[in-house]
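Chains, contacts and geometry: an overview
Take a look at the letters that make up each chain.
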Amino acid sequence: MKIIMVEDNEAIIMGLEYLLTKEGYEVETARSITQAEAFLQKRDCALVLLDIGLPDGDGFRFCSKIRENYRLPVIFLTAREEERDVVRGLDLGAEDYVIKPFRNRELVSRIKAVLRRNGKGDNRLRCGDIVINAETGRVNRNGREITLTKLEYKILFSMMSYPGKLFTRDEILADIWDVSGNFVNDNTLSVTMKRLREKLGDSDAQIIKTVRGMGYRMEA
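Owing to the predicted nature of the structure, the values given are computational and were not obtained by experimental measurement. (Residues numbered from 1 in each chain as written. Predicted model: local features only at pLDDT ≥ 70, side-chain atom pairs only at ≥ 80, totals over all residues. Heavy atoms only, no water.)

Considerations on the sheet that holds strand β9 (residues 130-133)
Spatially, the four strands line up as an open sheet ordered β8-β9-β10-β11, and their pairing is antiparallel. Of all strands in the sheet, those bounded by a partner on one side alone are β8 (124-127) and β11 (144-146). Geometrically, the sheet is characterised by an average inter-axis angle of 25 degrees between neighbouring strands, direction not taken into account. Summarising the sheet, strand β10 (residues 138-141) and β11 pair through three bridges and their orientation is antiparallel. Considered in β11, the bridge of V139 is made with I146. Each of β8, β9 and β10 is contacted by helix α6 (residues 150-161), which is oriented at about 110 degrees to β9, the strand it contacts most. (Pairing = 2+ DSSP bridges. Helix = DSSP H or I, 4+ residues; strand = E, 2+ residues; numbered from the N terminus. Axes fitted to C-alpha atoms, helices over the stretch in contact; angles between N-to-C directions. Contact = heavy atoms within 4.5 Å.)

This is how it looks when you write it as structure tokens:
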């Protein structure tokens, strides 16, 4: 699959071209909006990685133009980290907003998640020897199927979508509270995490790590 990267920083361009090519993607680099427009008109692509500050224009406006004229997912990749910028980017229809500097593995996971949501990627999530088939809802570890509850599956799916990301307990609670149609409290989350670890064979918490006082992180 082809990714168009709209970026004018040569160091970032070199690093991302190497990273994404290694992951099996074809990368077209546009160093300006004008060049990116030419690429979009002539080439099929699966996703656009878009900076905001570009030599000939504003990435926000270009995102609006992409959404109006193409059925393409956009991920902002920018150093602008103010909340108003993040909200603006997402309100314009971007699928994700990644702040520089970024972690390579997390960026790749975010790209894969966006492509999956848009029907352009592998429908399986992998983290180490754990595999989720998003189409069938089945979870396997080392070829052995693991039966999970709705809450357990939701937590695992969210964390495996972004391996290495720290999930606070509040984030997890906000994400899963209505899965079963009932409010999920903090104690229920603790019990659910314990049972999920047991089912995964993770009694020593090496797969789902506890970050004391903060939350949980999925290790690849």
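Having put the structure on the table, let's press on.
Section: the nonpolar core
Taken as a class, soluble globular proteins show a tendency for nonpolar side chains to be buried jointly. Counting 24 residues, the largest nonpolar core has L156, M159, M160, I208 and M218 as the members making the most contacts within it. Breaking this core down by element, the ones donating at least two residues are β8, β9, α6, α7 (169-176), α8 (186-200) and β14 (215-218). Discounting chain neighbours no more than four positions away, the residues touching I208 are M159, M193, L196, R197, L200, D202, Y216, R217 and M218. V6, A36, I52 and F76 belong to the second-largest nonpolar core, a separate cluster that totals 21 residues. (Core = buried A, V, L, I, M, F, W, Y, C linked by side-chain atoms within 4.5 Å. Buried < 20%, exposed > 50% of the residue type's maximum accessible area, 1.4 Å probe, protein only.)

Considerations on the packing of aromatic side chains
Within the structure shown, the criterion is met by three aromatic pairs. Chaining the aromatic ring pairs together yields one cluster made of F60, F76 and Y97. Its end group placed over the ring of F167, K165 keeps NZ or CZ at 5.1 Å from the ring centre. (Phe/Tyr/Trp six-rings, centres within 6.5 Å; stacked < 30°, edge-to-face > 60°. Lys NZ or Arg CZ within 6 Å of the ring centre and 35° of its normal.)

What about the pairing of strand β13 (residues 208-211)?
Sheet faces and side chains relate simply in a regular strand, where the side chains alternate between the two faces. Bridge analysis of β13 against β14 gives four bridges, and the strand direction is antiparallel. From the neighbouring strand, K209 faces β14, where its bridge partner is R217. Count of turn residues in the β13/β14 antiparallel hairpin: three residues, of which G213 carries a positive phi of about 80 degrees.

A closer look at α6
Between its first and last C-alpha atoms α6 spans 16 Å; for 12 residues at 1.5 Å apiece the expected length is 16 Å, and the two agree. Of the residues making up α6, those classed as buried are L151, E152, I155, L156, S158, M159, M160 and S161. (Expected span 1.5 Å × (residues − 1).)

Points about the pairing of β9
Pairing geometry for β8 and β9, over four bridges, is antiparallel. Each bridged residue has a counterpart across the sheet, and for L125 the counterpart in β9 is I132. In this structure, the hairpin formed by β8 and β9 is closed by a connection of two residues, where G128 is found at a positive phi of approximately 65 degrees. Across four bridges, β9 lies against β10 in antiparallel orientation. Along β10, the bridge assignment pairs N133 with R138. Hairpin connection between β9 and β10: a loop of four residues separates the two successive antiparallel strands, and G137 in this loop has a positive phi of roughly 80 degrees.

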